[in-house]
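Architecture at a glance
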Amino acid sequence: THLEASSSNRPYTQSEVLLRIPLEAQITRKTALETLLSLLPPEQNGRSTHLEELDDAFVLALYLAHERGLGINSRVWPYIATLPLRPTCALHWGWRQSVVDIVTAMSVEMGTDVQGWPNEISKAAEMAERIAMTLTRASGDTLAKRQGVDDVAENIRW
């Protein structure tokens, strides 16, 4: 039975269905855009917002930033609650020095040629921050903010 298969110690096969998620519960570009567009003031209805022109990753980032701002009132809160509280991306300012330290250690301890890596990491992180700030300026007034956090940019960086 299904229960027996899920409680065994054997590995799952690629063909086994482990979880079914109804389409209406999935986070897609379409559902993200529907939510984001509904946040715009009525005078924006029917006018181009450029949201539709954004890459999927940016649309989903804005959507998740908004839903995170809603907290437990978000329809996708159970999913958001499983995500790390602190971003795990190496480009996030909170990790940058650790990443540079690791790169330096790779050079010193393993003899890896890492010339220019710290500079490239910094440039990529600066670009990520510029993107986050651009999205904040463009959408920050319409996205929900977490309680006790005045700046929606923190959710977008997340």
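Residues numbered from 1 in each chain as written. Predicted model: local features only at pLDDT ≥ 70, side-chain atom pairs only at ≥ 80, totals over all residues. Heavy atoms only, no water.

The helix and strand tally for the protein stands at 7 helices and 0 strands. Listing the helices and strands of the protein from first to last along the sequence gives α-α-α-α-α-α-α. Within the span of the protein, comprising 158 residues, buried residues form 27% of the whole. Taking as baseline every contact in the protein between residues at least 6 positions apart, the subset at least 24 positions apart corresponds to 54%. A total accessible area of about 11,100 Å² is found for the protein, and carbon and sulfur atoms account for 57% of it. (Helix = DSSP H or I, 4+ residues; strand = E, 2+ residues; numbered from the N terminus. Buried < 20%, exposed > 50% of the residue type's maximum accessible area, 1.4 Å probe, protein only. Contact = heavy atoms within 4.5 Å. Areas by Shrake-Rupley, 256 points an atom, 1.4 Å probe, with all protein chains shown as cover.)

With that settled, consider helix 2 (residues 29–38). Here helix 2 has its buried residues at Thr31, Ala32, Leu33, Thr35 and Leu36. Contacts from the buried residues of helix 2 go to helix 3 (56–70).

Moving on: the packing of helix 5 (residues 93–110) against helix 6 (residues 117–139). Relative to each other, helix 5 and helix 6 sit at 160°, their axes nearing to 10 Å. By the angle between their directions, the pair helix 5 and helix 6 is classed as roughly antiparallel. Pair helix 5 / helix 6 crosses with right-handed handedness. Counting all contacts with helix 5, which are made through Arg96, Val99, Val100, Val103 and Met106, the residues of helix 6 involved are Trp117, Pro118, Ile121, Ser122 and Ala125. When the residues that make up the contact of helix 5 with helix 6 are grouped by side-chain class, the tally is 8 nonpolar, 1 polar and 1 charged. (Axes fitted to C-alpha atoms, helices over the stretch in contact; angles between N-to-C directions. Parallel < 35°, antiparallel > 145°, perpendicular 65-115°, else oblique. Left-handed = near helix turned anticlockwise from the far one by under 90°. Nonpolar A, V, L, I, M, F, W, Y, C, P; charged D, E, K, R; others polar.)

A separate point is the nonpolar core. Grouped together as the largest cluster of nonpolar side chains are 16 residues, with contacts concentrated most on Leu36, Leu51, Val59, Leu62, Tyr63, Leu143 and Ile156. Taken together, the elements giving at least two residues each to this core come down to helix 2, helix 3 and helix 6. Top element by residues in this core is helix 3. It accounts for 5 residues. Not counting the four nearest positions on each side in its chain, Leu62 is found in contact with Leu36, Leu51, Leu54, Leu135, Ser139, Leu143 and Ile156. (Core = buried A, V, L, I, M, F, W, Y, C linked by side-chain atoms within 4.5 Å.)

We now examine the side chain of His66. Summarising the element assignment, His66 is placed in helix 3. At 2.8 Å, the side chain of His66 and the backbone nitrogen of Ala144 are in polar contact. If sequence neighbours within four positions are ignored, His66 has contacts with Thr35, Leu39, Thr142, Leu143 and Ala144. (Polar contact = N/O pair within 3.5 Å; in protein donor to acceptor, adjacent residues only side chain to side chain.)

So, on to the confidence of the model for the protein. Predicted confidence across the protein gives a mean pLDDT of 81, with 90% of residues reaching 70 or more. When mean pLDDT is taken per element in the protein, helix 4 (residues 77–80) scores highest with 91 and helix 1 (residues 2–7) scores lowest with 50. Below a pLDDT of 50 lies the segment residues 1–5, which in the model reaches 4 contacts outside its immediate sequence neighbourhood of four places, other chains included. (pLDDT = per-residue confidence, 0-100.)

What follows covers helix 6. Taking 1.5 Å of rise per residue, the 23 residues of helix 6 would be expected to cover 33 Å, and the 33 Å separating its terminal C-alpha atoms lies within 8% of that figure. Buried within helix 6 are the following residues: Ile121, Ala125, Ala132, Leu135, Thr136 and Ser139. Of the surrounding elements, those touching the buried residues of helix 6 are helix 3, helix 5 and helix 7 (153–157). (Expected span 1.5 Å × (residues − 1).)

Side chains of Tyr12, Leu18, Leu19 and Ile21 sit close together on the surface and give an oily, nonpolar patch of about 450 Å² of accessible area. In this fold, Ile21 is placed in the loop between helix 1 and helix 2. The class for Ile21 is partly exposed, based on a relative accessible area of 47%. (Patch = residues over 30% accessible without salt bridge, like charges linked within 9 Å, V, L, I, M, F, W, Y side chains within 5 Å. Salt bridge = Lys/Arg side-chain N within 4 Å of Asp/Glu carboxyl O.)

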